[in-house]
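# Summary of the model geometry
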Amino acid sequence: MRDRLPAEMARFRRIESAFREVCAAWGYGEVRTPTLEHLHLFTSSGTLSPQLLGRVYSFLDWDGWTGERVVLRPDATIPVARLFRERLGGGVAKLCYVQNIFRFSRDEQPRELWQCGAELIGNTWPAGDVELVLVALDSLTALGIADAAITLSHGGIVRALLEQAGYTADERSDLYDRLLDGDLDVMRELEARLPALGPGLRLLSDVEDAGVAYIGNLRAAFGDSVPAMNSPLDELELIGRTLELAGIEPRINATALRDFEYYTGPVFHLSLGGSEIAAGGRYDRLISDAGGTAVPACGFGLQADRLAALLGDAGSDAAECLAIAPDGPGAEALARAAAVARLAHRQGRPAALAPGDPAAPRLSVAADGELALVGGSGSRLAVASLAEALGLLAGSA
């Protein structure tokens, strides 16, 4: 856990604002789910991986009427899927949120993380998958970021190989979880099981961030010998080609899978300066695995904390807060000053009676309404109106 100072909060609010405006432009409505959720929501088959389940903050709700075990929300997508199942249902739901999640860490990594997320629930393949990538990229563009790298992957590629190798369902689940945790030894174990596919497996694991044409190489290596891989490759190619035609150059990394078991289709990652700042994809079984009817869905989460750290203060257009001071003692001058401050607010200009820097230039307001700009050195310039004062200040900026 950590505190956030004013400059950090200013960056965070910029991110929130840009994200909400972009989501609204694409037709998404904002929701918020509880910070405290039932544990069983995250232990259902196919939701959180064992690695993430080991990092949840869980405790008994002793005073609750059920006495059930609860958790601090460790993931934002699963609660939104629950919300859809319990409160909405039917048709297509376009939902967005800005929420915190909590995950235990043994090192100095933050335990509280903030995400800006969007979920598109309903039968929207493949337009919904493309739309979400554009929502994520547009959110970054609104913040002045145009050089984020996008990588596409698909969990079905590895799942097809695990099935081809003859592993049991439990073994496939364990191996997939290891891969989610970044353990590429899984690929070497696969090669021992499928020696005839060795060159193709090395192509799959050793080639990182290739262009969309790389999918053709995967088809040549696996298409005949692993027919279950054809459908994931078709889906990956459709999204990749569509983005290329839209002027976006995605990279392909078939094993770039992290953290979540629930992704069933194409997955995308956005990174900036080598740091991942957003990830998302298709999760068609999540809602049914959590106890609902089968509803296809996809979504993504923007890592607001990482993005804020990379964003810096560049691009901030926040106006400096105008100090407004009563010229003399008494309630009359103070009330006049307060009225001028509120007038400035209505005109969209920050203004304060109690400025953070007492030595900063100020607009002096007398009890009879007389105005004057007072410099830090004590110089004084009479002005006829707030507008004139703001104009002079803008000219001196």
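Let me begin by describing the structure that accompanies this report. (Residues numbered from 1 in each chain as written. Predicted model: local features only at pLDDT ≥ 70, side-chain atom pairs only at ≥ 80, totals over all residues. Heavy atoms only, no water.)

## Considerations on the sheet that holds strand E9 (residues 266-272)
As summarised here, the arrangement of the eight strands in space is E1-E5-E6-E11-E10-E9-E7-E8, forming an open sheet in which the pairing is mixed. Pairing within the sheet leaves two strands with one partner each, and these edge strands are strand E1 (29-30) and strand E8 (251-252). Bridge analysis of strand E7 (residues 149-154) against E9 gives six bridges, and the strand direction is antiparallel. Along E9, the bridge assignment pairs histidine 154 with proline 266. (Pairing = 2+ DSSP bridges. Helix = DSSP H or I, 4+ residues; strand = E, 2+ residues; numbered from the N terminus.)

## Examining the pairing of strand E15 (residues 371-374)
Of the two faces of E15, both are covered, the one formed by Leu371 and Leu373 as well as the one formed by Ala372 and Val374. As paired elements, strand E14 (residues 362-365) and E15 share four bridges and run antiparallel to each other. Within E15, the position partnered with leucine 363 by the bridge is leucine 373. Pairing geometry for E15 and strand E16 (residues 380-383), over four bridges, is antiparallel. Along E16, the bridge assignment pairs leucine 371 with valine 383. The hairpin turn running from E15 into E16, its antiparallel successor, is five residues long, and glycine 378 in that turn takes a positive phi close to 100°. (Buried < 20%, exposed > 50% of the residue type's maximum accessible area, 1.4 Å probe, protein only.)

## What to know about the environment of alanine 344
With respect to the helices, strands and loops of the structure, alanine 344 is situated in helix H14 (residues 331-346). Expressed as a C-alpha distance, the spacing of alanine 344 and leucine 322, which sit 22 residues apart in the sequence, is 8.6 Å. Beyond its immediate sequence surroundings of up to four residues, alanine 344 is in contact with Arg349, Ala351 and Leu386. (Contact = heavy atoms within 4.5 Å.)

## Quick word on the side chain of glutamate 131
Mapped onto the elements, glutamate 131 comes out in helix H5 (residues 127-142). When neighbours within four sequence positions are excluded, glutamate 131 is seen to be in contact with Trp26, Tyr28, Lys94 and Leu120.

## Remarks on the packing of aromatic side chains
Evaluated as defined, the whole model comprises four aromatic pairs. Seen in terms of ring centroids, phenylalanine 19 and phenylalanine 300 are 6.3 Å apart; in terms of plane orientation they differ by 75°. Their pairing is edge-to-face. Remark: phenylalanine 300 occurs in strand E11 (residues 297-303) and phenylalanine 19 occurs in helix H1 (residues 6-25); sequence separation between them is 281 residues. Here phenylalanine 19 falls in the buried class, since its relative accessible area comes to 0%. (Phe/Tyr/Trp six-rings, centres within 6.5 Å; stacked < 30°, edge-to-face > 60°.)

## Focus: H1
Owing to its 3.6 residues per turn, the α-helix aligns residues three or four sequence positions apart on the same side. Helix length check: H1, at 20 residues, gives a terminal C-alpha distance of 28 Å against a target of 28 Å (1.5 Å per residue), a fit within 8%. Listing the buried residues of H1 in full gives Arg11, Phe12, Arg14, Ile15, Glu16, Ala18, Phe19, Val22 and Cys23. On its buried face, H1 sits against strand E5 (93-102), strand E6 (112-121), H5, E11 and helix H13 (304-311). Immediately beyond the C-terminal end of H1, within one or two residues, lies glycine 27, with a positive phi of roughly 90°. (Expected span 1.5 Å × (residues − 1).)

## With respect to the nonpolar core
In this structure, Ile15, Leu161, Leu190, Leu204, Phe222, Leu270 and Phe300 are the most contacted members of the largest nonpolar core, which totals 69 residues. By residue number, the principal contributor to this core is H5, which donates seven residues. Leucine 204 has contacts with Ile157, Leu161, Met187, Tyr214, Leu218, Phe222, Ala254 and Thr255, leaving out every residue within four places of it along the chain. Ala76, Leu95, Ile121 and Val295 belong to the second-largest nonpolar core, a separate cluster that totals 28 residues. (Core = buried A, V, L, I, M, F, W, Y, C linked by side-chain atoms within 4.5 Å.)

## Some remarks on the pattern of salt bridges
Side-chain pairs of opposite charge can arise where the charged atoms are in close proximity. Tallying each qualifying case throughout the model produces 18 salt bridges. In this structure, the salt-bridge partner of arginine 219 is glutamate 237, at a minimum N-O distance of 2.7 Å. With arginine 219 in helix H10 (residues 214-222) and glutamate 237 in helix H11 (residues 230-245), the pair connects residues that are 18 residues apart, well separated along the chain. Its relative accessible area of 25% is what places arginine 219 among the partly exposed residues. (Salt bridge = Lys/Arg side-chain N within 4 Å of Asp/Glu carboxyl O.)

## Details of the packing of H1 against H5
Relative orientation of the contacting elements H1 and H5 amounts to 135°, with a least axis distance of 9 Å. As judged from the angle between their axes, H1 and H5 are oblique. Two packed elements cross with a definite hand, and for H1 against H5 that hand is right-handed. Every residue of H5 that contacts H1 at Ala18, Phe19, Val22 and Cys23 is listed here: Val135, Asp138, Ser139 and Ala142. Among the residues forming the contact of H1 with H5, the class breakdown is six nonpolar, one polar and one charged. (Axes fitted to C-alpha atoms, helices over the stretch in contact; angles between N-to-C directions. Parallel < 35°, antiparallel > 145°, perpendicular 65-115°, else oblique. Left-handed = near helix turned anticlockwise from the far one by under 90°. Nonpolar A, V, L, I, M, F, W, Y, C, P; charged D, E, K, R; others polar.)

## With respect to H10
Looking only at H10, the buried set comprises Tyr214, Ile215, Leu218 and Phe222. For H10, the arc enclosing every buried residue in end-on projection is 105°, short of the 170-degree limit, so these residues lie on one face. (Arc of directions from axis to C-beta.)

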